Amino acid sequence: MSKIRVRIAPSPSGFLHIGTAKMALFNWLFARKTGGTFVLRLEDTDAERSDDEYVQAMCEGFQWLGIDWDEGPAFGDEPEKGAFGPYKQSERRDIHVAAAQKLLDEGKAYKCFLTKDELSDIRDTMREEKASTSFRSPWRDKTADDVAAQGDASYVVRFKVPEGSTTVHDLVQGDVITRNDQTEDFVIQKPNGDPIFHLAVVVDDATMEISHVVRGDDHLTNAARHIMLFEALGYPVPQFAHLPMVLDEGGKKFSKRLHGANVLDWRTDGYLPEALINYVALLGWTPEEENRELFTREELIEAFTIERWGKSAARFDLKKVQWLNGQHLRMLSPAELRDLIVPVLNEGGCDTSIKSEAWLTELASITQEKLSTLNDIVAQSDFFFKDVTEYDEKAASKHLLKDAGGAIERLGMVATAFRNVADWNHEALHEIVAGLVESTGAGFGRFANPLRLALTGKSAGPGMFELTELLGKELSLERIDQALQYLKTHG
Ligand code: GLU
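Along each chain, residue indices are assigned from 1 in the same order as the chain's sequence is written. Local features in this predicted model are restricted to residues whose pLDDT is 70 or higher, and side-chain atom pairs enter the listing and the counts only when it is 80 or higher, whereas totals over whole chains, interfaces and linings include all residues. Hydrogens and waters are ignored; side-chain quantities use all the structure's heavy atoms.

Close contacts around the ligand come from Arg-7, Ala-9, Ser-11, Glu-43, Phe-197, Val-201, Arg-215 and His-219, and that covers them all. Here Glu-43 contributes a side-chain N or O atom positioned 2.7 Å from a nitrogen atom of the ligand. Residue Arg-215 places a side-chain N or O atom 2.8 Å away from an oxygen atom belonging to the ligand. Per-residue accessibility takes into account occlusion by the displayed protein chains alone, with areas from the Shrake-Rupley method and a 1.4 Å probe. Calculation on the ligand without its partners gives an accessible area of 290 Å², and the protein chains cover 79% of this total. Lining residues are those with an atom within 4 Å of a point, where the points come from a 1 Å grid over the protein atoms alone and group into cavities, where a 1.4 Å probe fits but cannot get out, or pockets, open sets with protein on both sides within 12 Å along at least five of seven lines. More than half of a molecule's atoms lying within 2 Å of a cavity's or pocket's grid points is what places that molecule inside it. The pocket occupied by the ligand, as judged from atoms lying within 2 Å of grid points, is the largest pocket. Residues are labelled near a given molecule or strand when at least one of their non-hydrogen atoms is within 4 Å of it. By the criterion applied in these results, polar contacts are pairs of N or O atoms within 3.5 Å in which, for protein atoms, one can donate a hydrogen and the other can accept it, and in which residues neighboring in sequence qualify only through two side-chain atoms.

That bond from Gly-85 to Pro-86 is cis: its omega, -5°, falls within 30 degrees of zero. By secondary structure assignment, the location of Pro-86 is in the loop between helix H2 (52-65) and helix H3 (93-105). The backbone of Glu-209 shows a phi angle near 55°, a positive value even though the residue is not glycine. Put simply, DSSP marks the helices as runs of H or I at least four residues long and the strands as runs of E at least two long, and each gets a number from the N terminus on. As for its placement among the helices and strands, Glu-209 is situated in the loop between helix H6 (197-207) and strand S8 (212-216). We note that Asn-291 has phi near 65°; this positive angle belongs to a residue other than glycine.

All right, on to the packing of helix H16 (residues 404-419) against helix H18 (residues 444-456) then. To define axes, lines are fitted to C-alpha atoms, for helices over the stretch in contact only, and angles between the resulting N-to-C directions are given on a 0 to 180 degree scale. Running from N to C, H16 and H18 point in directions that differ by 75°, and their axes come no closer than 9 Å. Taken as axis vectors, H16 and H18 run roughly perpendicular relative to one another. The residues of H18 that touch H16, namely those facing Arg-410, Leu-411, Met-413, Val-414 and Phe-418, are Arg-446, Phe-447, Pro-450, Leu-451 and Ala-454. Across the contact of H16 with H18, the residue classes tally to eight nonpolar, no polar and two charged. An angle below 35 degrees is read as roughly parallel, one above 145 as roughly antiparallel, one from 65 to 115 as roughly perpendicular, and any other as oblique. We call two residues in contact when some of their heavy atoms are within 4.5 Å. Three classes are used: nonpolar for Ala, Val, Leu, Ile, Met, Phe, Trp, Tyr, Cys and Pro, charged for Asp, Glu, Lys and Arg, and polar for all others, with Gly counted as polar.

We now examine the pattern of salt bridges. In the sections that follow, a salt bridge refers to a side-chain nitrogen of Lys or Arg positioned within 4 Å of a carboxyl oxygen of Asp or Glu. One pass over the full model with this rule turns up 29 salt bridges. For Lys-458, the salt bridge identified is with Asp-382, shortest N-O distance 3.0 Å. Within this pair, whereas Lys-458 is found in the loop between H18 and helix H19 (464-471), its partner Asp-382 is found in the loop between helix H14 (376-381) and helix H15 (393-401), the two being separated by 76 residues in sequence. The salt bridge partner of Asp-403 is Arg-410, with a shortest N-O separation of 4.0 Å. What emerges from the salt-bridge pattern is a single network uniting Arg-7, Arg-41, Glu-43, Arg-92, Asp-204 and Asp-205.

Think of a nonpolar core as a cluster: buried Ala, Val, Leu, Ile, Met, Phe, Trp, Tyr and Cys residues, connected wherever their side-chain atoms sit within 4.5 Å. Between buried and exposed lies partly exposed: a residue is buried under 20% and exposed over 50% of the maximum accessible area for its type, with that area taken using a 1.4 Å probe on protein chains only. Ranked by internal contacts, the top residues of the largest apolar core, which has 56 residues, are Ile-341, Phe-384, Leu-400, Leu-411, Phe-418 and Ile-480. Excluding its chain neighbours within four sequence positions, the residues that come into contact with Ile-480 are Leu-411, Val-414, Ala-415, Phe-418, Leu-451, Ala-454 and Leu-455. Counting 54 residues, the second largest nonpolar core, distinct from the first, contains Met-23, Val-214, Trp-266 and Trp-309.

What follows is about empty space enclosed by the protein. Grid points are joined across faces, edges and corners, and a volume is the space filled by probe spheres set on the points. This structure, assessed with the given rule, holds one cavity of 30 Å³ or more. Volume-wise, the largest cavity comes out at about 30 Å³. Listing elements by their share of the lining of the largest cavity, those giving two or more residues are helix H1 (18-34) and helix H9 (273-281). When residues in the lining of the largest cavity are grouped by element, the largest group, three residues, is from H9. Residues that form the lining of the largest cavity fall into these classes: six nonpolar, no polar and no charged.

As a further point, take the packing of helix H17 (residues 426-440) against H19. For any two helices packed against each other, one specifies the inter-axial angle together with the distance between the axes. It is at 8 Å that the axes of H17 and H19 come closest, and there the two elements cross at 120°. Considering the angle they form, H17 stands oblique to H19. For the crossing formed where H17 meets H19, the hand is right-handed. Across from His-426, Leu-429, His-430 and Val-433 in H17, the residues of H19 making contact are Phe-465, Glu-466, Thr-468 and Glu-469. Residue classes in the contact of H17 with H19 are distributed as three nonpolar, three polar and two charged. For any pair of crossing helices, the crossing counts as left-handed if the nearer helix is rotated counterclockwise from the farther one by less than a right angle, and right-handed if it is rotated clockwise.

Our next topic: the sheet that holds strand S7 (residues 187-189). Following DSSP output, two strands are said to pair if at least two bridges run between them. Taken in spatial order, the three strands of this open sheet run S3-S4-S7, and their pairing is antiparallel. Bordering the open sheet on either side are strand S3 (109-112) and S7, each of which pairs with just one other strand. Looking at each pair of strands side by side, their axes are set apart by 45° on average, direction ignored. Bridge count between strand S4 (residues 156-159) and S7: two bridges; the pairing is antiparallel. Within S7, the residue paired with Val-157 across the bridge is Gln-189.

Below is the structure:
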């Protein structure tokens, strides 16, 4: 196979949509797996807005995901890179116009001077007569003199769809055959000379020597037109692979208005880019290893094969993304996790500047198993940074107030024993409570539940003795006292 060159060709629309991210990821993984080239090309001619700001916002999404491009437009301080530029469609107009002219010169396209009204009359008649073939303009076969006689009247350039049929040999969808008489003579150039998407995309793919066009299956119906254009222009036809779109949890196309449509929403929500690409890769690719779901970036590149791309659309499954994110969080070293949770804590009103690096690393280590997202860290550990001002109502009524006398007694025993601990570490603390459990014959929970509530105000969180160790002796004793006071006034 000649050199693999793939591309993502998004229209910048203000953010990187999860669906575009999927197509980019599949192209990127394919390129990385095969030693090919991944190109970013901006289809910014019909963009809702083509502001640089929009481009930057979208590229920030790629950057966060770690989807880097080998060739593409300027971004931030980085200049344009690659030998096939420019990489913005808006800057390639001359190339497109020349291609339209070539088709005109060779009689493969024609100028169509139909007015709006004339066109709509023809379409009405076709509808009434239930025409079995697609639209062909009466201008298709006019002579040069007829055209010249129009002077400078406005026209569009239409492609003269050839006879026969067109087969898309799609690597995902299989062979898709269409009769050419079912494709109308489509416009390739507007009255103002601007190229239409179909022409631009074909010319750009051809001149950028794209070997595989991998994109959403919403473009499958365009592929026949594209193949006709490739052939008419004398370009080799690339391989096609049309991948299923990303659906929301309800099974509908993932609306851009939904939270999560913007790739950076996931960053905001405390997800790791590794988890998101792991998840998105599974939306349309089945790993060879049965039931395996967890992949690092490198493992994905290693395992990713185009032969295992599938055509059935996959619904978004938030639970699975959360689970994968938790798994990826657990793969981090405590120091890596610390660096990720510190900004989240600060954002969540927990001032980490009062803690040492070692302490924060320990916090990362004792909470690591409990996190689904980075944002969970705030609920898991805010009690280290803030006073306990209230107790979880349900847990307090069950573990403190239902048997206030008993709770007072047991917390008192814990306080006394803790006060005498010389070496404040979780093993020693655990041993103490285990000793009390044994000597009193009360269940472990009868000590641990009130203790957790006293120290954290919550019913769940990091490991009981690990958190007690990290909280420190003084603060732990203070909080037990505070709980005892509470019990005496509320119990
Ligand atoms: N700009 C098109 C899109 O975002 C790209 C089409 C293509 O990949 O050929 O859907």
